[in-house]
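Spelled out from the first residue to the last, the chains are:
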Amino acid sequence: MKQASFDAICHPQIQSLMQVNKDKLQEWINGLGSPLHLLFPEIFKQNIFAFKQVLDRHNINHKLLFAKKANKAQCFAAACAQQQIGIDVASIAEFELALAAGIKGDDIGLSGPHKCDRLLSLAIAHNALIAIDSLNELKDLVCLARLAKQTRGVRILLRIRPQSQKKSRFGLATAELDQAFSLCFQWREHIYLQGFSCHLSGYSTAQRGEAGHQLIDYIVQAQQLGFKCNHINIGGGFAVSYLADDSWQQSLDYEAFHGSKTFAGFYPYHNPCTGPDALEQVLQQKNEQQQMLGQRLRELSLCLMLEPGRALLDQAGISLFSVQGCKPVAGTSDCHIATVKGMSFSLSEQWFNSEFLPSPLLIPSRENIPLADTGAESLYKVAIGGNTCLDDDMLSWRFISFEQYPKKQDLIAYINTAGYQMDSNESAFHSTSPPRKIAVSLAGETITWQLDNQ
Ligand SMILES: Cc1ncc(COP(=O)(O)O)c(C=O)c1O
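Just so you know, these numbers come straight off a predicted model, no measurement behind them. Within every chain, residues take consecutive numbers counted from 1 along the sequence as written. Per-residue local features of the predicted model are confined to residues with pLDDT of at least 70, and side-chain atom pairs are confined, for both listing and counting, to 80 or more; whole-chain, interface and lining totals are unaffected and use all residues. To obtain the side-chain values, all non-hydrogen atoms of the structure were included, while hydrogens and water were left out.

## Things to note about the domain arrangement of the protein
Where each domain begins and ends is defined by an automated method or by a domain database. When the domains of the protein are assigned, the result is domain 1 (3–40 + 315–452) and domain 2 (41–239 + 274–312). Relative placement of domain 1 and domain 2: their C-alpha centres are 36 Å apart. We call two residues contacting when some pair of their heavy atoms lies within 4.5 Å. Listed as interface residues are 16 residues of domain 1 and, on the opposing side, 14 residues of domain 2. Buried area between domain 1 and domain 2, both sides added, is near 1300 Å², and the carbon and sulfur share of it is 55%. Take the accessible area each of two parts loses on contact, using a 1.4 Å probe, and add the two losses: that sum is the buried area.

Here is the structure:
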């Protein structure tokens, strides 16, 4: 029965916060409401450092940009400014927030499909680096650049659709490159082709390495045509592990879901090679001439740009929900549903017709902790629902084994939710305000926190 709990990998400092400072968690929930997202900018900074270490070890000229879409909190944008890395944005609001956090326009990258004129103009005004998605977008940008009458050229990368991404809607096809070169050459007074970019779905390090080589080949081609370009941007997509391998394997066989719910598949919650280690593998990828990507970047004095989102947020956030009540599931002998204060919109995976598999933790409130060990062996199988009128509003369809019966005011903590889980899909459904976020510092003896002003 125990195997119904798939223990989430949890940073030791966060584990200790939840074990030693339960009262603090209750205090925050009481004062700031449920759900409450806790953010850990120091862990985010450690992740930045780990990526930089790999690049420095390979002696590679680089630019790291945090993919802002992965979390809306402003504390992470501020941490980027402190660590002197850039931010990848895809909307006017994200652009403004990056500037407000203290990121220089030069360090802002703009991605996304055919961007609107306002966003392109904002990027032009601040000298941001624009990843061009199509020939028509390039033509629009040329018009805007000519109108802007700036002395410097507008910095662009041509976003390529690599061979492994044939079905993607993003980027230029290889066949469109010649025309893109012609346009860049014709309008070279206004447009500065700085290099090439791509972003791959999935987490294959081999595909990322191959794409990197392909982008370098384009650089060589463009340089032969007279362009002074020297940047390649291989996007994000560095994996994270939420579960140990054995829990992940067990979770794939697990079948006890509320309403006999079935899923076509799950996000890969375990990955053998993650974050900076995945980058290491990418840099070691060889081309047909047996040259490693890192070696080629060094030899050609190119700048490697990366846009990790999820991997920089690994372990940098958890989401707390208070329990409103729990009831047996009719028609079962031993299954229950707990209702929490909050919605599954605060756990995005649930809205991709899938399940966030790492088990949440039940943190009993002081009143609900049994006075003595009852010696009871049984575990309670509990699915977790949101407090809306939507039948599908389930935070966990899976019946999770808890050692205690969830009671009013207990807390349920989902671990490692900063990357895309906590706020990508949040809405004001039922006229509720979006959940609050606090940035928590766990350094030293004292815990300090601050409301995030996103
Ligand atoms: C262009 C671009 N760059 C970077 C990212 C970040 O990817 P990840 O969070 O997987 O690192 C994305 C994600 O969709 C993207 O579209």
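Structure shown, so let's carry the discussion forward.
## Digging into the site of the ligand
Here a residue is considered near a molecule or strand provided that any single heavy atom belonging to it is located within 4 Å of it. Within the structure, the ligand sits among 13 residues, and Gly237, Glu307, Gly309, Arg310 and Tyr420 are positioned closest to it. Nitrogen and oxygen atoms within 3.5 Å of one another constitute a polar contact, given that in protein one can donate a hydrogen and the other can accept it, and given that sequence-neighbouring residues count only through two side-chain atoms. For the ligand, an oxygen atom lies 2.5 Å from a polar atom in the side chain of Tyr420. The protein chains hide 84% of the 390 Å² of surface that the ligand would expose on its own. Here a cavity denotes a set of grid points, spaced 1 Å apart and computed over the protein atoms alone, in which a 1.4 Å probe fits but from which it cannot get out, and a pocket denotes an open set meeting protein on both sides within 12 Å along at least five of seven lines; residues with an atom within 4 Å of a point are reported as lining. More than half of a molecule's atoms lying within 2 Å of a cavity's or pocket's grid points is what places that molecule inside it. Most atoms of the ligand, that is more than half of them, are within 2 Å of grid points of the largest pocket. For the accessible areas, the method is Shrake-Rupley and the probe is 1.4 Å, while residue cover comes only from the protein chains on display.

## With respect to the environment of Lys407
Examined against the element boundaries, Lys407 turns out to sit in the loop between strand S14 (394–402) and strand S15 (411–415). Three labels apply to residues, based on accessible area from a 1.4 Å probe with only protein chains included: buried if under 20% of the type maximum, exposed if over 50%, partly exposed otherwise in between. For Lys407, a relative accessible area of 39% puts it in the partly exposed group. When the C-alpha atoms of Lys407 and Val142 are compared, they prove to be 61 Å apart, with 265 residues separating the residues in sequence. Lys407 has contacts with Val323 and Asn368, leaving out every residue within four places of it along the chain. To qualify as a helix, a DSSP run of H or I must reach at least 4 residues; to qualify as a strand, a run of E must reach at least 2; elements of each kind are numbered from the N terminus.

## Digging into the sheet that holds strand S4 (residues 108–110)
Pairing between strands is defined by DSSP: at least two bridges between the two strands are required. Here we have eight strands rolled up into a closed barrel, ordered S2-S3-S4-S5-S6-S7-S8-S9, and parallel in their pairing. Going across the sheet, the axis of each strand differs from the next one's by a mean of 30°, ignoring polarity. Between the N-to-C directions of two axes lies an angle of 0 to 180 degrees, each axis being a line fitted to C-alpha atoms and, for a helix, fitted only over the stretch in contact.

## Some details on helix H6 (residues 117–125)
Among the residues making up H6, those that are buried are Leu119, Leu120, Ala123 and Ile124. End-on view of H6: buried residues confined to an arc of 140°, all on one side of the axis. Its buried side turned inward, H6 meets helix H5 (92–100), S4, strand S5 (129–132), helix H7 (135–148) and strand S6 (154–159). Directly after H6, the chain includes Asn127, whose backbone phi takes a positive value near 60°. Each C-beta atom gives one direction from the helix axis, and the arc is the one those directions make.

## Looking at the packing of helix H1 (residues 12–20) against helix H2 (residues 22–32)
The axes of two packed helices give the description: the angle between them and the distance between them. Contact pair H1 / H2: the axes reach a minimum separation of 5 Å and the direction vectors enclose 85°. As the angle between them shows, H1 and H2 are arranged roughly perpendicular. Taking contact as the criterion, the partners of Leu17, Met18, Gln19 and Val20 in H1 are, on H2, Lys22, Leu25 and Trp28. Of the residues belonging to the contact of H1 with H2, the class tally is five nonpolar, one polar and one charged. Throughout this description, any angle smaller than 35 degrees is read as roughly parallel, any larger than 145 degrees as roughly antiparallel, any in the 65 to 115 degree range as roughly perpendicular, and the remainder as oblique. Only Asp, Glu, Lys and Arg are considered charged, only Ala, Val, Leu, Ile, Met, Phe, Trp, Tyr, Cys and Pro nonpolar, and every remaining residue, Gly among them, polar.

## Focus: H2
Along H2, the residues classified as buried are Leu25, Gln26, Trp28, Ile29 and Leu32. Along the axis of H2, the buried positions cluster into a sector of 160°, meaning they face one direction only. Summarising the geometry of H2, the exposed residues directed more than 90 degrees from the buried face are Asn30 and Gly31. Looking one or two residues beyond H2, the residue adopting positive phi is Gly33, at roughly 95°.

## Brief notes about the layout of surface pockets
Each pocket or cavity is described by its volume, and for the largest pocket that value is around 1100 Å³. Lining the largest pocket are 47 residues, with Ala67, Lys69, His199, Arg310 and Tyr420 sitting closest to its centre. In terms of residues, the lining of the largest pocket owes the most to one element, H5, which gives three residues. Split by residue class, the lining of the largest pocket holds 17 nonpolar, 19 polar and eleven charged. Built from parts of two domains, the lining of the largest pocket gets at least three residues from each of domain 1 (3–40 + 315–452) and domain 2 (41–239 + 274–312). Grid points are joined across faces, edges and corners, and a volume is the space filled by probe spheres set on the points.

## Some details on empty space enclosed by the protein
Using the criterion set out here, one finds four cavities of 30 Å³ or more in the structure. The space that makes up the largest cavity amounts to roughly 50 Å³. Lining the largest cavity are Lys63, Leu65, Asp106, Asp107, Ile108, Gly109, Leu129, Arg155, Gln194, His231 and Met305. Among the elements of the structure, strand S2 (62–67) and S4 are those that each provide at least two residues to the lining of the largest cavity. Size it by volume and the second largest cavity reaches roughly 40 Å³. Contributing to the lining of the second largest cavity are Ala145, Ala148, Gln150, Arg152, Val154, Glu189 and His190. The residue inventory of the lining of the second largest cavity, partitioned by class, reads three nonpolar, two polar and two charged.

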